[in-house]
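Here's the letter readout for the chains.
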Amino acid sequence: MGANKESKTILVVPTWRKWIAHDRHFAQNGGAKEFPHTDYYKNWNDLLNSRQLDNILKSNGLHLIFCPHRNMESFVGDFTSCSPYIRILRWKNLDVHNAIFSSALLVTDYSSISVDFAYTGKCVLYYQFDADMFHKNHLSSGYFDYVRDGFGHVCHTENQLIDKIDFYAKNGFCREEIYNKRASGFFAYIDDGNCERSYRAVKRMLDGGIGRAFR
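Here the structure is a predicted model, which is why all the values come from computation and not from measurement.

Caption draft 1: Focus on the sheet that holds strand 5 (residues 123–127). Taken in spatial order, the 6 strands of this open sheet run 3-2-1-4-5-6, and their pairing is parallel. The open sheet has two edge strands with one neighbour each: strand 3 (86–88) and strand 6 (152–155). Put simply, the sheet's adjacent strands are angled 20 degrees from each other on average, direction ignored. Here 3 bridges tie strand 1 (residues 9–12) to strand 4 (residues 105–108), and the two strands are oriented parallel to one another. Counterpart to Val12 in the pairing with strand 4 is Val107. On the sheet, helix 4 (residues 39–48) packs against strand 1, strand 2 (63–66), strand 3, strand 4 and strand 5 and is oriented at approximately 160 degrees with respect to strand 2.

See the structure below:
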């Protein structure tokens, strides 16, 4: 596994926010009308309309796919981009499995898709412009610290993120050694044998009689 040198795709997959998608007060007070005023919308939509990002995509022959979490589906239509190199997709129109393996770089905020992407040996960037609010109102901080344990650089501003995208584009999307080491320490196996190992483990359980209790 590793970076696909032929890939020209940057995959951007932000996760959702409880206080936007599932908050009753937000919904009752014109959520659709208020969404463009949220930090979530402003930061992601500003990125999609960044001239600097557009130039990076153009000069490196790249294109970008932006697809928010399925829980933000009702807001996807609010996002726009003037760049011909950017596509905005709904979750139902994204083949996630294919996108992971065919993209050279993943940009997300807190999504666990970064684990799948890191497993392939490719580059990950975290864009966490609202970290304090996210951990306060959506999901509290756990054992996994993105700065200490993450599989890519944590960016808090648009400029930081675009600079790192530019860096990877100019360096053939090669993952730094620090993140190679983190992936090696996180995954017990990085190969094509997981299905076989799972099959053999289940078979051993059944052969040993453990499965009889479930019949």
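Next, the rest of the story.
Caption draft 2: Main features of the pattern of salt bridges. Inspection of every chain in the model, using the stated rule, returns 8 salt bridges. For the salt bridge of Asp130 with Arg17, the shortest nitrogen-to-oxygen distance reads 2.9 Å. Linking Asp130 in the loop between strand 5 and helix 8 (131–137) with Arg17 in the loop between strand 1 and helix 1 (18–21), this pair joins segments that are 113 residues apart in sequence. As a salt-bridge pair, Lys170 and Asp166 come within 3.1 Å of each other at their nearest N and O atoms. Here Lys170 and its partner Asp166 are both found in helix 10 (residues 158–170), 4 residues apart, which amounts to about one turn of the helix. You can call Asp166 buried: its relative accessible area is 18%.

Caption draft 3: Highlighting helix 10. Under the 1.5 Å per step criterion, the end-to-end length of helix 10 is 18 Å for 13 residues, consistent within 8% with the ideal 18 Å. Trailing helix 10 by a residue or two, Gly172 shows a phi angle of about 65 degrees, which is positive.

Caption draft 4: Structural view of the environment of Leu48. Relative to the elements of secondary structure, Leu48 occurs in helix 4. On the basis of relative accessible area, Leu48 is assigned to the buried category, the value being 2%. It is 7.1 Å that separates the C-alpha atoms of Leu48 and Thr80, two residues lying 32 residues apart in sequence. Setting aside residues up to four positions removed in sequence, Leu48 forms contacts with Leu64, Phe66, Phe79, Thr80, Ser81, Ile86 and Ile88.

Caption draft 5: Local environment of the packing of aromatic side chains. Enumeration over the complete set of coordinates arrives at 18 aromatic pairs. Centroid distance Phe35 to Tyr41: 5.5 Å. Interplanar angle 65 degrees. Geometry classified as edge-to-face. Grouped by ring-pair contacts, the aromatic residues Phe35, Tyr40, Tyr41, Trp44, Phe66, Phe75, Phe79, Tyr127 and Phe129 constitute a single cluster. In this arrangement the basic side chain of Lys164 is found over the ring face of Phe167, its NZ or CZ atom lying 4.6 Å from the centre. We note Lys164 situated over the ring of Tyr168; from NZ or CZ to the ring centre the distance is 5.4 Å.

Caption draft 6: Fine view of the state of the cysteines. Here the structure, examined in full by the defined rule, presents 0 disulfides. You can see Cys123 has no disulfide; the closest cysteine sulfur is in Cys174, sitting 7.0 Å from it. A relative accessible area of 0% places Cys123 in the buried class.

Caption draft 7: Looking closely at the packing of helix 4 against helix 10. Closest axis-to-axis distance for the helix 4/helix 10 pair is 11 Å, and the angle between their directions is 40 degrees. Considering only the axes of helix 4 and helix 10, their crossing is right-handed. Along its contact with helix 4, which presents Asn43, Asp46 and Leu47, the element helix 10 presents Glu158, Leu161 and Ile162. The residue makeup of the contact of helix 4 with helix 10, split by class, is 3 nonpolar, 1 polar and 2 charged.

Definitions and cut-offs
Residues numbered from 1 in each chain as written. Predicted model: local features only at pLDDT ≥ 70, side-chain atom pairs only at ≥ 80, totals over all residues. Heavy atoms only, no water. Pairing = 2+ DSSP bridges. Helix = DSSP H or I, 4+ residues; strand = E, 2+ residues; numbered from the N terminus. Axes fitted to C-alpha atoms, helices over the stretch in contact; angles between N-to-C directions. Contact = heavy atoms within 4.5 Å. Salt bridge = Lys/Arg side-chain N within 4 Å of Asp/Glu carboxyl O. Buried < 20%, exposed > 50% of the residue type's maximum accessible area, 1.4 Å probe, protein only. Expected span 1.5 Å × (residues − 1). Phe/Tyr/Trp six-rings, centres within 6.5 Å; stacked < 30°, edge-to-face > 60°. Lys NZ or Arg CZ within 6 Å of the ring centre and 35° of its normal. Disulfide = S-S within 2.5 Å. Left-handed = near helix turned anticlockwise from the far one by under 90°. Nonpolar A, V, L, I, M, F, W, Y, C, P; charged D, E, K, R; others polar.

By themselves, these figures tell us nothing about what the structure is for.
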